[in-house]
Amino acid sequence: EKAGFDHFMLKEIYEQPKAYRNTMMGRITDDGKSVVLKEIGMTAEQIRGIRKVHIVACGTAFHAGLVGKSVIENLARIPVETDVASEYRYRSPIITPDTLVIVVSQSGETADTLAALREAKRCGARVLAITNVVGSSVAREADDVMITQAGPEIAVASTKAYTSQLIAFYLLGLFLADTIGTRDAAYVSEVVAAMGELPEQVERILEHAEVLKQVAESLSKHNNLFFIGRGVDFAVAQEGSLKLKEISYIHSEAYAAGELKHGTLALIEEGIPVISVITQEDLYEKTLSNIKEVKARGAHVLALVNEGQEEEVGKSVDELFAIPKTLPLLAPALSVVPLQLIAYFASLARGNDVDKPRNLAKSVTVE
Ligand code: M6R
């Protein structure tokens with residue numbers, strides 16, 4: 001059932017192009033220009049009445065929510081807050097009937113996420129669930145449900161579910177923007193067209209898995225490392241860091257690149273690996289200067305850059321991995337893939353049980 005792959009995680013990483021296609025299928029109009037979400041029962045008037053969005057989830061699903069925040073704020077111009085579900089209820093969040101609460105859960109059974117959903121409903125908010133499991137508790141209790149079509153995810157470390165959640169957020173962001181009128185049809189069709197290219201672009205990344213295996217093997221000899229990025233690159237850095245910790249047991253931290261000098265830089269010493277995600281054109285110069293800060297203190301820097309920027313970034317880093325070019329907002333759907341592979345190969349190099357990391361369960365049904 002692993003279809004020739006050594007582990008479910010690797011199989012699921014390779015299933016991502018299909019998961020992207022399936023999650024988009026039926027949600028893009030035949031002319032390929034706009035988004036239809038028949039599963040959203042809200043009227044256009046109700047959508048225009050949304051004053052704020054809360055995105056609530058755990059772990060990897062929360063990291064998808066961090067990207068979701070950027071997507072919804074950028075496209076639909078609605079203010080978004082993100083919370084980990086285990087914190088949400090206890091901070092007495094301001095949930096009003098004009099709040100849309102989006103819960104994200106692969107399994108649809110995570111106890112904290114379910115409790116957050118119930119709290120949101122109790123306060124009169126509309127709840128939209130993004131989940132991978134039809135008929136799950138979260139799917140049954142939410143008002144609207146977007147099913148990510150990733151197919152069953154067996155490995156404890158979430159990969160294709162995360163990227164399918166990103167696709168769901170892109171679709172949702174475009175749908176909201178179109179309904180509210182914050183983006184015109186030409187812009188929406190440009191994003192939809194770029195989304196159509198993502199599956200093939202992921203395939204191109206997967207062709208270079210061998211390079212990432214080598215990177216991971218040398219990383220696996222370290223006990224500490226950092227991930228840095230700005231904007232959505234920071235969100236991806238957080239997911240890359242979680243993935244690595246979860247299955248390789250190597251300690252890592254993800255930092256907003258500009259925040260390093262407020263303390264963390266003290267931890268940078270000769271030879272420490274720093275993985276830098278640098279795909280956002282408008283933040284490019286700034287992140288590059290943060291890379292120089294760690295390089296000057298002896299860090300060994302691997303940069304994930306857009307194709308075409310290899311030469312310029314290459315001067316300031318030790319290793320490079322190029323990602324096919326897409327729209328800045330869509331970059332997470334590509335840049336996370338090399339980080340998933342690095343985590344996988346580092347876990348393998350350390351002889352760990354990749355699919356069943358110690359102390360963890362696939363579905364966390366206790367609070
Ligand atoms: O099923 P869920 O998406 O609600 O699960 C949430 C987290 O427990 C999950 O994403 C966890 O962080 C993963 N094991 C990370 O790979």
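Up top you'll find the structure we're talking about.
These lines cover the structure that appears in this document, whether it is placed above or below. On a predicted model such as this, the values are computed, not experimentally measured, just so you know. (Residues numbered from 1 in each chain as written. Predicted model: local features only at pLDDT ≥ 70, side-chain atom pairs only at ≥ 80, totals over all residues. Heavy atoms only, no water.)

## Quick word on helix 4 (residues 59–76)
Owing to its 3.6 residues per turn, the α-helix brings residues three or four apart onto one side. Helix length check: helix 4 (18 residues) gives 25 Å between terminal C-alpha atoms against 26 Å at 1.5 Å per residue, within 8%. Helix 4 sits mainly inside the fold: 13 of its 18 residues count as buried. Just downstream of helix 4, Arg 77 is the residue with a positive phi angle, here 55 degrees. (Helix = DSSP H or I, 4+ residues; strand = E, 2+ residues; numbered from the N terminus. Expected span 1.5 Å × (residues − 1). Buried < 20%, exposed > 50% of the residue type's maximum accessible area, 1.4 Å probe, protein only.)

## Overview of the nonpolar core
Core analysis: the biggest nonpolar cluster contains 89 residues, and Ile 72, Ile 102 and Met 195 have the highest contact counts within it. The dominant element in this core, judged by the number of residues it contributes, is helix 8 (residues 160–180), at twelve residues. Other than its neighbours up to four places away in sequence, Ile 102 contacts Val 53, His 54, Ile 55, Val 56, Ile 72, Leu 128, Ile 130, Phe 169 and Leu 172. In this structure, Ile 228, Ile 272, Val 294 and Val 305 belong to the second largest nonpolar core, which totals 19 residues. (Core = buried A, V, L, I, M, F, W, Y, C linked by side-chain atoms within 4.5 Å. Contact = heavy atoms within 4.5 Å.)

## Things to note about the sheet that holds strand 9 (residues 300–306)
Spatial ordering of the open sheet is given by 7-6-8-9-10, a layout of five strands whose pairing is parallel. The open sheet terminates on both sides in strands that have one partner only, identified here as strand 7 (251–256) and strand 10 (319–323). Here the strands of the sheet are splayed against their neighbours by 20 degrees on average, with no regard to which way each runs. Relative to strand 10, strand 9 runs parallel, the two sharing five bridges. Considered in strand 10, the bridge of Leu 302 is made with Glu 319. (Pairing = 2+ DSSP bridges. Axes fitted to C-alpha atoms, helices over the stretch in contact; angles between N-to-C directions.)

## Some points on the packing of helix 2 (residues 16–24) against helix 9 (residues 185–206)
Between two packed helices, the angle of one axis relative to the other and the distance separating the axes together describe the packing. Between helix 2 and helix 9, whose axes approach to 8 Å, the crossing angle comes to 170 degrees. For the element pair helix 2 / helix 9, the angle class is roughly antiparallel. On helix 9, the residues touching Gln 16, Pro 17, Tyr 20, Arg 21 and Met 24 of helix 2 are Met 195, Gly 196, Leu 198, Pro 199, Glu 200, Val 202, Glu 203 and Leu 206. Its residues assigned to classes, the contact of helix 2 with helix 9 comprises eight nonpolar, two polar and three charged. (Parallel < 35°, antiparallel > 145°, perpendicular 65-115°, else oblique. Nonpolar A, V, L, I, M, F, W, Y, C, P; charged D, E, K, R; others polar.)

## Points about the environment of Leu 339
Within the secondary structure, Leu 339 is located in helix 14 (residues 332–349). Overall, the relative accessible area of 2% leaves Leu 339 in the buried class. For the pair formed by Leu 339 and Arg 122, sequence separation is 217 residues and the distance between their alpha carbons is 39 Å. With sequence-adjacent residues up to four places away left out, Leu 339 is seen in contact with Phe 227, Val 236, Gly 240, Ile 275, Val 277 and Leu 304.

## A word on the environment of Ala 331
Checked against the element boundaries, Ala 331 lands in the loop between strand 10 and helix 14. Owing to a relative accessible area of 5%, Ala 331 belongs among the buried residues under this scheme. The sequence separation of Ala 331 and Asn 359 amounts to 28 residues, and the corresponding C-alpha distance is 32 Å. If we ignore the near neighbours within four places in the chain, the residues touching Ala 331 are Tyr 170, Thr 279, Gln 280 and Thr 326.

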